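# Structure assessment
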Amino acid sequence: MNSEMISIHETATSVTEALDTRHSIREYLSQPIPEEILKRIFEKALRSPSWKNSQPWKVHIVSGGKKDLLAEALTKAALESTPRPETSWPESYPSDAKKRMFDLGMKIYGVAGIDRKDKEARDKFMLRNFEFFGAPTAVFITSKFDLNFFVGIDLGCFLQSVLLLAREEGLGTCPQAALGAFPDVVRNALTLPQEEKVILGLSIGYPNPDSELNRFHTPRESAEDLIHFY
Ligand SMILES: Cc1cc2nc3c(=O)[nH]c(=O)nc-3n(C[C@H](O)[C@H](O)[C@H](O)COP(=O)(O)O)c2cc1C
């Protein structure tokens, strides 16, 4: 199936189709998401597996005026300070991964019309993370657990469930580590207890169908290189 041919507004009717047609959406329509759809997505995602069924996740779904205020506060924090995530963000990568990351940046900047050497323009684009790329709803995934590798895997399972279920409903998403960059801002805005760590977030909404940014698909390495049968 050629995923480029599928309208990003269509719903997906199988896991394969949801996987094939999901990609990160970085421009949204302002059209709000009906609450029953959001409920369906997140309630179903609770079926995700976790280490000994420990279920380390909580999820906070923010729309409307509250989301706008949070976007303002996060943007201000990003302009005035440096990220202070509660999880350790990766610092080094194997060289082949570095190349993929570089290629991704080039592709995004190319489509967004940003010169790679123009740091001001790159920083401005980065700030769009904190405006949730114009999405009507922002989501924060938090955990009270001690953060270890397996909690990370559990939260990743939960995140992927949300991304695919959203796709099933005809919605676009962008998972964002950036939304865990200023945890105190999120905790204050949502009056969360100090022990609830803000791991990451995602933007969710109806993709802007006219956006070039929403059109490109990131490549994957070949199955022959990565999947081994014995
Ligand atoms: C854990 C995680 C964190 C991410 N953080 C960001 C982010 O902060 N900002 C962003 O624009 N994209 C972010 N992404 C999206 C990735 O760049 C994207 O998934 C990857 O390039 C593959 O592209 P695709 O999602 O379109 O298939 C994140 C993805 C994951 C899984």
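Residues numbered from 1 in each chain as written. Predicted model: local features only at pLDDT ≥ 70, side-chain atom pairs only at ≥ 80, totals over all residues. Heavy atoms only, no water.

## Examining the overall build of the protein chain
Stated precisely, the cut-off is as follows: Only DSSP runs of H or I covering at least 4 residues are called helices, and only runs of E covering at least 2 are called strands; the numbering of each starts at the N terminus. Note that the radius of gyration is over C-alpha atoms, with the globule rule given as 2.2 Å times the number of residues to the power 0.38. For every residue, the accessible area obtained with a 1.4 Å probe (protein chains only) is divided by the maximum for its type, and the residue is called buried under 20%, exposed over 50%, and partly exposed between those limits. Areas reported as accessible are Shrake-Rupley estimates using a 1.4 Å probe. Residue values count occlusion only from the protein chains shown. Residues counted as positive are Lys and Arg, residues counted as negative are Asp and Glu, and His and the chain ends are not counted. The atoms used to mark charge sites are NZ of Lys, CZ of Arg, CG of Asp and CD of Glu.
Looking only at helices and strands, the protein chain has eight helices and four strands in total. Moving toward the C terminus, one meets the helices and strands of the protein chain in the order α-α-β-α-α-α-β-α-β-α-β-α. Radius of gyration (C-alpha) of the protein chain: 18 Å, near the 17 Å computed for a compact globule of 230 residues. Each principal axis of the C-alpha atoms in the protein chain carries an extent, and together these give about 45 × 45 × 40 Å. Taken across its 230 residues, the protein chain has 43% of its residues classed as buried. Accessible surface, the protein chain as shown: approximately 13400 Å² in total, 55% of it carbon and sulfur. Where the 28 positive side-chain charges of the protein chain centre and where its 32 negative ones centre are 3 Å apart.

## Some words on the site of the ligand
Quick note on the threshold: Only a single heavy atom is needed: when it lies within 4 Å of a molecule or strand, its residue is near that molecule or strand. Polar contact is the term for a pair of N or O atoms within 3.5 Å; when the atoms are in protein, one must be able to donate a hydrogen and the other to accept it, and sequence-neighboring residues count only if both atoms are side-chain atoms. Residue type decides the class: Asp, Glu, Lys and Arg count as charged, Ala, Val, Leu, Ile, Met, Phe, Trp, Tyr, Cys and Pro as nonpolar, and the leftover types, Gly among them, as polar.
Around the ligand, 15 residues are found, and the nearest of them are Arg-22, Ser-24, Arg-26, Ala-177 and Arg-220. In the environment of the ligand, a nitrogen atom lies 2.9 Å from a nitrogen or oxygen atom belonging to the side chain of Asn-129. A distance of 3.0 Å is found between an oxygen atom of the ligand and a backbone nitrogen or oxygen belonging to Ala-178. If the ligand stood free it would expose 620 Å²; the protein chains cover 68% of that surface. Take the shell around the ligand: its biggest share by element is three residues, from strand S3 (residues 172-176). Class assignment of the residues belonging to the shell around the ligand gives a composition of seven nonpolar, five polar and three charged.

## Structural notes on the pattern of salt bridges
Where we set the bar: Whenever a carboxyl oxygen of Asp or Glu lies within 4 Å of a side-chain nitrogen of Lys or Arg, that contact is scored as a salt bridge.
Per the counting criterion, the structure on display carries 13 salt bridges. We note a salt bridge from Glu-80 to Lys-76, for which the minimum N-O separation is 3.3 Å. Residue Glu-80 and its partner Lys-76 are both found in helix H3 (residues 64-80); the two are separated by four residues, about one turn of the helix. For Asp-123, the salt bridge is made with Lys-119, and the minimal N-O distance between the two is 2.7 Å.

## Observations regarding the sheet that holds strand S2 (residues 137-143)
As a reminder of what qualifies: Paired strands, in this sense, are two strands between which DSSP finds at least two bridges. For every element, the axis is a line fit to its C-alpha atoms; helices are fit only across the contacting stretch, and the angle between N-to-C directions ranges from 0 to 180 degrees. For this analysis, residues touch if any pair of their heavy atoms sits within 4.5 Å.
Taken together, four strands build an open sheet; the order of strands is S1-S2-S4-S3 and the sheet is antiparallel. This sheet does not close on itself; its edge strands, each paired only once, are strand S1 (58-63) and S3. Strand-to-strand twist in this sheet, taken as the mean axis angle between neighbours without regard to direction, amounts to 20°. Bridge count for S3 against strand S4 (residues 197-205) is five bridges, and the pairing is antiparallel. Across the sheet, the residue bridging to Cys-174 is Ser-203, located in S4. On top of the sheet, H3 reaches S1 and S2; it is set at about 100° to S1, its chief contact.

## Description of helix H4 (residues 95-112)
Short version of the rule: Here the expected span of a helix is defined as 1.5 Å times the quantity of residues minus one. Along the arc lie the directions from the helix axis toward the C-beta atoms.
With 18 residues, H4 extends 26 Å from end C-alpha to end C-alpha; this agrees with the ideal 26 Å at 1.5 Å per step. Taken together, the buried positions of H4 are occupied by Ala-97, Gly-105, Ile-108 and Tyr-109. Projection of H4 onto a plane perpendicular to its axis shows the buried side chains occupying an angular sector of 105°, all on one side. Residues of H4 that are exposed and point more than 90 degrees away from the buried face comprise Ser-95, Lys-99 and Gly-110. Where H4 is buried, its residues contact helix H5 (119-127). Of the residues one or two after H4, Gly-113 is the one with positive phi, at around 70°.

Geometry only, nothing functional implied.
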